Amino acid sequence: MSKQHSDGGWGLVPIQSRAGRFSSFDVADFEPVSGFEAEWKYTPIRELAALMDGPLDGGRYDFAIETGVEDSGGISVDWVERTDSRIGSVGKPEERGSANAWTGFERALVVTVSGDDRAEVALSRTSFGPSARAAHLFIDAQPGSNGVVVLNNSGQAMLSENVEISVAAGAQLTVVSVQEWDHGATHLATHFVRLGKDARLRHVVVSLGGSIVRVNTNAHLAEEGSDVELFGVYFADAGEHFEQQTFVNHDAPHSKSRVSYRGALQGERARAVWIGDVLIRPTAPGTDSYEENRNLLLTEGTRADSVPNLEIETGDIAGAGHASASGRFDDEQLFYLQSRGIPETEARRLVVRGFLASIIQKIGVAAVESRIQDAIEAELLVSTEAVAS
Amino acid sequence: MPLLEIKDLHVSVETEQGTKPILNGVDLTIREGETHAIMGPNGSGKSTLAYTIAGHPKYHVESGSVTLDGEDLLEMTVDARARAGLFLAMQYPVEIPGVTVTNFLRTAKTAVDGQAPAIRGWIKDVKTSMANLRMDTSFADRNVNEGFSGGEKKRHEILQLELLKPRFAILDETDSGLDVDALRVVADGVNRAKEATNLGVLLITHYTRILRYINPDFVHVIVDGRIAEEGGPELADRLEDEGYDRFLTAAKVN
């Protein structure tokens, strides 16, 4: 049994390949988090002690299958024991928060997508509550299936969870995770993805509410012709920390990835973090990869960290690129728009909507798209009232 | 008759050295259809006049008034001034991330008119004006001013002037940074707007060059925050020959 190597307390972490990161299902194998680790250096770890170190309640939680989704024939949702053979077939924790959830969950929720006509299901998870919890979700897209799985998260939470997403050969899957938590909620999640031959996944992380929300996604393009899109949209208000780390692991010929995260930040100590790792292994000739992150800073007092990392271990690639930019919406821009007759509220709305639209339009699930638009409108309205009062 | 009236306008800005007066009593009246050129040396207060009328928060009005058809402009928000019929073509228009030219123009048109333009006629108007200003159609999909060259920014300002149809336009050094071909294209746009809507124009410039293409009815020379001399187009010719030296000397003596 191996243990995580200690970095010696010097606050120095050696530069290493993303491939070499320690992993284990058992939290006891991980060193306590110091905050100097590459995966924790931007996160307010002091506020996460309960999720990292404490015992977690890993029992069942309530959820609702939302009405208003299309016919969900071809999709089933069941609780299974943690001994179920699928559990652990996709993911393995690479950091302590994820491992603590893995050690702590008792039963896993499994969403099985089996039909070849596109089917949708939306799970509403509203009652995790404020005590520290662990959860495990497995999304099983069977060969040739076509489905959409939406997670709508709201209410209070102190939650660490792992989500395994298996996309089998020829399957087409869309997964959308919407975080609209109450203020004060904390949510750590790692989504592990494995894509089979010619499998396609569109994965969307939408974070709009919560005090600390960190949703990381590890996508393993394990077989030839697999294709993944990792999209993210976030709107961080005062005091909110929204973080997302994406890892795209190209491990088979002719695989394709697109990563695009965009967010707006507004208010004192609104914070966003994106770390985008892409690894193109020697096993992945003909890879086509691109990742980008863009932030729009609407007010003073906001901060966005954006870190793309690209490792290429083969000379035979179709494309590999990255982009990262953070732009500011300032008083001169506001003056310009107002001088054309556009009122202040409308000016901000115009800028934010325009900025996020290119991602929102790609989600491809109309109900989710309009829900996000509405939520962003509400965020803008609240902040405008706060400014006015 | 629509009237833009500036009376005894005193304006200051906050600097690190304290409050600095820039305009020291400007009087100016512009009627519909008239073109007034405001000329003057650098630092004389030309741009301050433009931005104060438009309502930029950096400038503080100490005293005096600016009215449009008798309505107090200084009491209005920036956007209300635009809806009242005022337009400022800026010398350095800023980039607006995330907002395409198409989206911006339609939103502005809807805001100034109080209702959305009829879609088919609007698209045609935009295309025609862009073609007149020698703007490539790909412009419509770009973000406002993002990556635009100096000349493209100026054309985009005049495009807005043509489409928003204000009653009074202030052109702040629209000629700066333009080669002679671009200057002609932009000047033609201003002249078209004047013809189409009987626009009143306040044309701010350091150089007389643009006045060959946009003919002023009146020329005002501003020095040290005051109108130092006024006249017809012949005053511009005289400045072309003599420059601003005689005004600067006088200002120093004062």
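Since this is a predicted model, take the numbers as computed values, not measurements.

Calculation criteria
- Residues numbered from 1 in each chain as written.
- Chains lettered and ligands numbered in written order.
- Predicted model: local features only at pLDDT ≥ 70, side-chain atom pairs only at ≥ 80, totals over all residues.
- Heavy atoms only, no water.
- Pairing = 2+ DSSP bridges.
- Helix = DSSP H or I, 4+ residues; strand = E, 2+ residues; numbered from the N terminus.
- Contact = heavy atoms within 4.5 Å.
- Axes fitted to C-alpha atoms, helices over the stretch in contact; angles between N-to-C directions.
- Parallel < 35°, antiparallel > 145°, perpendicular 65-115°, else oblique.
- Left-handed = near helix turned anticlockwise from the far one by under 90°.
- Nonpolar A, V, L, I, M, F, W, Y, C, P; charged D, E, K, R; others polar.
- Buried area = accessible area lost by both parts, 1.4 Å probe.
- Salt bridge = Lys/Arg side-chain N within 4 Å of Asp/Glu carboxyl O.
- 1 Å grid on protein atoms, 1.4 Å probe; cavity = no way out; pocket = protein on both sides within 12 Å on 5 of 7 lines; lining within 4 Å.
- Points joined across faces, edges and corners; volume = space filled by probe spheres on them.
- Phe/Tyr/Trp six-rings, centres within 6.5 Å; stacked < 30°, edge-to-face > 60°.
- Buried < 20%, exposed > 50% of the residue type's maximum accessible area, 1.4 Å probe, protein only.
- Lys NZ or Arg CZ within 6 Å of the ring centre and 35° of its normal.

K.L.:
Before we move on, could you go through the sheet that holds strand β2 (residues 18-31) of chain B and cite the residues and values that matter?
P.N.:
Paired through backbone hydrogen bonds, the strands of a sheet run either parallel or antiparallel to each other. Residues and elements named next belong to chain B. Judged by pairing direction, the sheet is antiparallel, and its four strands sit side by side in the order β2-β1-β4-β5 without closing on themselves. The sheet terminates laterally at β2 and β5 (71-72), the two strands that pair on one side only. Of the pairings in the sheet, the one linking strand β1 (residues 3-15) to β2 comprises eleven bridges and is antiparallel in character. The residue of β2 that forms the bridge with L9 is V26. Against the sheet, helix α1 (residues 46-54) engages β1, β2 and β4 (59-68), with an angle of about 105° to β1.

K.L.:
Summarise the packing of helix α4 (residues 119-132) of chain B against helix α5 (residues 150-164) of chain B; cite the residues concerned and give the values.
P.N.:
All names here are of chain B. The geometry of α4 relative to α5 is characterised by a closest axis approach of 10 Å and an angle of 140° between their N-to-C directions. It follows that α4 is oblique to α5 by the angle criterion. Where α4 crosses over α5, the two elements pack in a sense that is right-handed. Residue-level inspection shows W122, D125, V126, S129 and M130 of α4 in contact with α5, the latter providing L159, E162 and L163. Class assignment for the residues of the contact of α4 with α5 results in five nonpolar, one polar and two charged.

K.L.:
Provide a residue-level description of the interface of chain A and chain B, including the pertinent values.
P.N.:
For an interface, size is often stated in terms of accessible area lost upon the parts coming together. Of the residues lining the interface, 18 residues belong to chain A; the matching set on chain B comes to 32 residues. In total, chain A and chain B occlude about 2,000 Å² of area from one another, counting both sides; carbon and sulfur atoms represent 70% of this. It is F335, Y336 and R340 of chain A in chain A that bury the most area against chain B; as a group they hold 41% of the surface buried on that side. Linking chain A with chain B are one salt bridge, by the criterion used here. Close ionic contact of E157 of chain B with R340 of chain A constitutes a salt bridge, the shortest N to O distance being 2.6 Å.

K.L.:
So, empty space enclosed by the protein: which residues are in play, and what are the values?
P.N.:
Any empty space left between atoms is shown by rolling a water-sized probe over those atoms. Summed over the entire model, instances satisfying the criterion amount to three cavities of 30 Å³ or more. Estimates place the volume of the largest cavity at around 130 Å³. In terms of residue class, the lining of the largest cavity is made up of three nonpolar, five polar and seven charged. Here the second largest cavity is characterised by a volume of approximately 50 Å³.

K.L.:
How would you sum up the sheet that holds strand β8 (residues 172-181) of chain A? Please name residues and give values.
P.N.:
Residues and elements named next belong to chain A. An order of β1-β4-β6-β8-β10-β12-β14-β16-β18 is seen for the nine strands of this open sheet, with the pairing classed as mixed. On the outer flanks of this sheet lie β1 (64-65) and β18 (317-328), each paired with one strand and no other. Inspection of the sheet shows strand β14 (residues 256-265) paired to strand β16 (residues 287-297) by ten bridges, in the parallel sense. The partner of Y261 across the bridge, within β16, is N293. Together, β12 (227-236), β14 and β16 form the strand contacts of helix α4 (residues 344-360), whose direction differs from that of β14 by roughly 160°.

K.L.:
Give me the lowdown on the layout of surface pockets, citing residues and values where you can.
P.N.:
Size it by volume and the second largest pocket reaches roughly 350 Å³. Around the second largest pocket sit 20 residues that line it, and S47, Y51, Y59, Q91 and D172 of chain B are the ones nearest its centre. Mapped onto the lining of the second largest pocket, the elements with two or more residues apiece are α3 (331-338) of chain A together with α1 of chain B. Sorting elements by how many residues they give to the lining of the second largest pocket places α1 of chain B first, with four residues. Here the residues of the lining of the second largest pocket are counted per class, giving seven nonpolar, eight polar and five charged.

K.L.:
Can you explain the packing of aromatic side chains? Please cite residues and give values.
P.N.:
All names here are of chain A. Under the defined criterion, the tally for this structure stands at twelve aromatic pairs over all chains. Geometrically, the ring pair formed by W102 and F105 is edge-to-face, given 6.3 Å between the ring centres and 80° between the ring planes. Since its relative accessible area comes to 4%, W102 is described here as buried. A network of ring pairs unites the aromatic residues Y61, F63, W79, F128 and W181 as a single cluster. The ring of F105 carries the charged tip of R82 above its face, separated from the ring centre by 4.5 Å.

Functional significance is not addressed by these values, which are geometric in nature.
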